[in-house]
Amino acid sequence: MGRSLVEKLWDAHAVATTAGQTLLYIDRHLIHEGSKPAFEALAKSGRGVRRPQQTFAFADHYAPTVKGRGFTTPESQTVSEALARNAGLHALSHFGVGHPRHGIVHVVAPELGIVLPGMTVACGDSHTSTCGALGVLAFGIGASEIEHVLAMQTLWLPPPQVLRVDIDGELGAGVTAKDLVVHVIARIGAAGALGHVVEFAGSTITALGMEQRMTICNMAVEAGGRTGIIAPDDTTLAYVKGRPFAPRDADWDRLVELVRSLAPDPDATYARRVAIAAADVVPMVTWGTNPEQAAPVTEHVPDPQTIGDAKQRAMVERALAYMALEPGQLLASVAIDRVFIGSCTNARIEDLRAAAAVLRGHKARIPGIVVPGSAAVKREAEAEGLDRVFTDAGLEWREPGCSMCLAINGDLAAPGERCASTSNRNFEGRQGKGARTHLMSPAMAAAAAITGHLTDVRTLARQR
Amino acid sequence: MEPFGTVRARAIPLAIPNIDTDRIKPARFGLPSDVSYAPFMLYDLRFDEQGQSRDSVFEQAAYAGAQILVADDNFGCGSSRESAVWCLRDYGFRVVIAPSFGDIFFGNCFKKGILPIVLPPDVVATLRTALTESPGAEVVVELESQTVQAPGGDMHGFTIDAFRKACLGSGVDDFEMTARHASAIDDYEATTPAWITGPIER
């Protein structure tokens, strides 16, 4: 019987099986400041790092985004120093603040070719799913699992079920990968993919570039998925070729052969399948407090009274109360106080180009920050003059880091402030206590910065 | 870890869906070493901005000493942080029952000796109602028979994968399981290409 991409990757990395779980080999272990407790446990048990050369450390979650500012809390300093110390102790590659290859783990790892098609990857972060865009089985893990991967370079996992999402057709003008994945989450629900790896396929997906594929896989977890994945192809190989950690010569040829062999078999079966038409997708914004609470920007805030299910109704009422939105309010009328362009979802060069294209020649009415995903993205953006587009518009151009996505490095929104954000989570308090997050694409965030309210970026283009 | 057998204890109902791991353990409390994480648990639900009690269900004396949490849909969604599990464990919970869980959180529970149980939404809702109406009523959870007994006596079966059941039941952690396959890991690495096991940075 034919095998899916996930089954092929699973079988290729299975070291042993016991009582229905598999001991899976992990090719790449990516760590960040959150690894501190895992290293403490490792030291306590007298264990070492089994494969230092397969372990890569990134200082991103607490990285200050203002040069020379330093850490804003003692905690930030403690965990960042612990990461550097642990990396030094165990001879791990360490991309710290100020390193020429520094940045957000899920931006840098693909960018440097650390993560390659056909690999298994683990990281103590749920958005590790981003790496799935390269045809990688990527697992977000907790501290105990981090300790286990450090010591044993393996993970015990139950075999995953696959939810295959087939997306076909062309995305309309002004409609991006971010809109597409938010549309998918709104369709299947924030818990819609629980227990499943989400595989994205179809003509729309294969037409996407790698950065867009990363945006999509990044948010698979917001649909409840264990992770997200897209089958590697020639686009993937073209992206990977020549990157600092990518194989060369005969090894490159072997990687190409591996990629060809990973194509899902035509008779592979999937636990669930969902079909989405790309033509149905329009620019989206979230209005609520989880990523499924989203709608086309052309529509209105939902009216809880029209919701039959009592539980659903209560959830919407609670979200509207937190977000201070009125039922039936036109989304395009919602005033925005702050903008954040950044995060592992949308802070790569194409994202910054898209935002700059909207902002060029305009002023932002509201304060905001643009945080490039890595030092390399920052250099490229500056070479293209994008930084000046942002600063001319009145936005701040920052250093790389996770920044306002989860707001633990000192970059945050004030209580009650409404933030147009290109990140991946709009939970209560995510961007600061009482902060109200509206998720959207970089172009949409740029449009909101110009008008001071949620705006259909396509109408903005027509006015110019 | 202490082997998990039977837990007969008070249970606290928490009828709020989509409680993400950042609500269970707010990021602002960081990752201090060698402290109890109990004070951080569901902090903003339990305490206001001034640190005053909100008189939540957790403060009600009738539930004191509870070891079972009966939650709602998608409990533990969001971030992979295992510290969310530490909060629950340090607070005293050994079991969490919900209609659904965030996947990563679900796996993290087992690593720390907490048994997460999925039961049908209507069963969980009925259980929460019973516990709200009779605070302090006991629920019995038995790992071997894979059953939950509600205060009224109704029995409900749950599923659990064999691996997790074996580890939880004997108090064995992943490392003990892995140790049995140590040479298999060596063999696997020996046949893995060098560009994976010995990457070169340019």
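Keep in mind that what you see is a predicted model, and the values were worked out from it rather than measured. Sequence positions are assigned chain by chain, starting from 1 and proceeding in written order. As a convention, the first chain written is A and the first ligand written is 1, with the rest following in written order. Where totals are concerned, whole chains, interfaces and linings use all residues; where local detail is concerned, this predicted model gives features only for residues with pLDDT of at least 70, and gives and counts side-chain atom pairs only at 80 or more. Side-chain numbers come from the whole structure's heavy atoms, not from hydrogens or water.

1. Some points on the pairing of strand β1 (residues 14-18) of chain A
Residues and elements named next belong to chain A.
Phase 1 of the analysis: DSSP bridges decide pairing: two strands pair if at least two such bridges lie between them. Helical segments are the DSSP runs of H or I of at least four residues, strand segments are the runs of E of at least two, and each set is numbered from the N terminus. Direction of pairing for β1 relative to strand β2 (residues 21-25): antiparallel, over a ladder of four bridges. When the sheet's bridge partners are listed, Ala16 is paired in β2 with Leu23.
Phase 2 of the analysis: What sits between β1 and β2 in their antiparallel hairpin is a turn of two residues, with Ala19 showing a positive phi close to 45°.

2. Quick word on the packing of helix α2 (residues 36-44) of chain A against helix α5 (residues 143-152) of chain A
All names here are of chain A.
Phase 1 of the analysis: Relative orientation of the contacting elements α2 and α5 amounts to 55°, with a least axis distance of 8 Å. Our classification of the angle between α2 and α5 gives oblique. As α2 packs across α5, the resulting crossing turns out to be right-handed. Across from Ala38, Phe39, Ala41 and Leu42 in α2, the residues of α5 making contact are Ala143, Ile146, Glu147, Leu150 and Ala151. In this analysis an axis means a line fitted to C-alpha atoms, helices contributing only their contacting stretch, and an angle means the value between N-to-C directions, from 0 to 180 degrees. Throughout, the term roughly parallel applies to angles under 35 degrees, roughly antiparallel to angles over 145, roughly perpendicular to angles from 65 to 115, and oblique to all others. We call a crossing left-handed when the near helix sits turned anticlockwise from the far one by less than a right angle, and right-handed when that turn is clockwise. We call two residues contacting when some pair of their heavy atoms lies within 4.5 Å.

3. As for the nonpolar core
All names here are of chain A.
Phase 1 of the analysis: For this analysis, a nonpolar core means a set of buried residues of the types Ala, Val, Leu, Ile, Met, Phe, Trp, Tyr and Cys, connected via side-chain atoms within 4.5 Å. Working definition: with a 1.4 Å probe on protein chains only, accessible area under 20% of the residue-type maximum means buried, over 50% means exposed, and in between means partly exposed. The biggest cluster of nonpolar side chains holds 61 residues, and the ones touching the most others in it are Leu30, Phe58, Ile114, Ile167 and Phe200.
Phase 2 of the analysis: By residue number, the principal contributor to this core is helix α6 (residues 177-188), which donates seven residues.
Phase 3 of the analysis: When near neighbours in sequence (up to four residues on either side) are disregarded, Ile167 contacts Leu180, Val184, Phe200, Ala201, Gly202, Ser203, Thr204, Ile205, Ile276 and Ala278.

4. What to know about the packing of helix α12 (residues 349-359) of chain A against helix α15 (residues 442-451) of chain A
Residue and element names in this part refer to chain A.
Phase 1 of the analysis: Two numbers describe how α12 lies on α15: the axes approach to 8 Å, and their chain directions differ by 30°. By the angle between their directions, the pair α12 and α15 is classed as roughly parallel. Considering the relative orientation of α12 and α15, their crossing is right-handed. Together, Asp351, Ala354, Ala355, Val358 and Leu359 of α12 and Pro442, Ala443, Ala446, Ala447, Ala449 and Ile450 of α15 make up the contact between the two elements.
Phase 2 of the analysis: Grouping the amino acids of the contact of α12 with α15 by side-chain chemistry returns ten nonpolar, no polar and one charged. Polar here means any residue outside two lists: the nonpolar Ala, Val, Leu, Ile, Met, Phe, Trp, Tyr, Cys and Pro, and the charged Asp, Glu, Lys and Arg; Gly therefore counts as polar.

5. A look at the packing of aromatic side chains
Residue and element names in this part refer to chain A.
Phase 1 of the analysis: Each Phe, Tyr or Trp ring (for Trp, its six-membered ring) is paired with any other whose centre lies within 6.5 Å, and the angle between the two planes then decides the class: stacked below 30 degrees, edge-to-face above 60, tilted in between. Here the structure, examined in full by the defined rule, presents 17 aromatic pairs over all chains.
Phase 2 of the analysis: Relative to Phe245, the ring of Phe56 lies with its centre 5.4 Å away and its plane at 90°, an arrangement referred to as edge-to-face. Highlighted residues: Phe56 in strand β4 (residues 55-58) and Phe245 in the loop between α9 (234-240) and α10 (249-261), separated in sequence by 189 residues. This pair shows no difference in class: Phe56 is buried, exactly as Phe245 is.

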